[in-house]
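An overview of the molecular structure
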Amino acid sequence: MAGTQGKTLRDVAIGESATVRRLTGEGALKRHIMDMGITKGTDVYVRKVAPLGDPIEVTVRGYELSLRKSEAESILVA
């Protein structure tokens, strides 16, 4: 778990879904994540995780994305 912030997208198990609660990234990183369609209230389904944990493949709004661990850690979910 990411300290006191709560559960991040990186903590979600393969085959499970989570709802985005907040983006903690700054500036360009936050904008990049939002441009991919990951915004507050969006459901994200974790499809696969690479053997070393990077990248993470997710389904968002009906399409598939690959996220770096660092990106996934900046997405708080419930």
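Residues numbered from 1 in each chain as written. Predicted model: local features only at pLDDT ≥ 70, side-chain atom pairs only at ≥ 80, totals over all residues. Heavy atoms only, no water.

**Quick word on the pattern of salt bridges**
We count it as follows: In the sections that follow, a salt bridge refers to a side-chain nitrogen of Lys or Arg positioned within 4 Å of a carboxyl oxygen of Asp or Glu. Three exposure classes are used, based on accessible area relative to the maximum for each residue type with a 1.4 Å probe and protein chains only: buried under 20%, partly exposed in between, and exposed over 50%.
For the coordinates displayed, the defined rule picks out six salt bridges. A salt bridge links glutamate 57 to lysine 48; the nearest nitrogen and oxygen atoms lie 3.9 Å apart. What makes lysine 48 partly exposed here is its relative accessible area of 47%. Connected through shared salt-bridge partners, Arg47, Lys48, Glu57 and Glu64 make up one network.

**Here we look at the sheet that holds strand E5 (residues 75-77)**
Going by this rule: Any two strands are treated as partners once DSSP identifies two or more bridges connecting them. Secondary structure counts use DSSP, requiring at least four H or I residues in a row for a helix and at least two E residues in a row for a strand, with both numbered from the N terminus. Under this scheme, a helix contributes an axis fitted over its contacting stretch, all axes are lines through C-alpha atoms, and angles between N-to-C directions fall in the 0 to 180 degree range.
Read from one edge of the open sheet, five strands run E4-E3-E2-E1-E5, paired in antiparallel fashion. In this open sheet, the two edge strands, each paired with only one partner strand, are strand E4 (63-67) and E5. Averaged over all neighbouring strand pairs, the angle between strand axes comes to 45°, with direction disregarded. Taken together, the five bridges between strand E3 (residues 56-60) and E4 define a ladder with antiparallel strand orientation. Following the sheet pairing, glutamate 57 is matched in E4 by serine 66.

**Describing the pairing of strand E2 (residues 43-49)**
Here three bridges tie strand E1 (residues 17-23) to E2, and the two strands are oriented antiparallel to one another. Residue pairing across strands places serine 17 opposite tyrosine 45, the latter belonging to E2. Of the pairings in the sheet, the one linking E2 to E3 comprises five bridges and is antiparallel in character. Opposite valine 49, over in E3, you have isoleucine 56 as the bridge partner. Connecting the antiparallel pair E2 and E3 is a turn made up of six residues, with glycine 53 showing a positive phi of about 85°.

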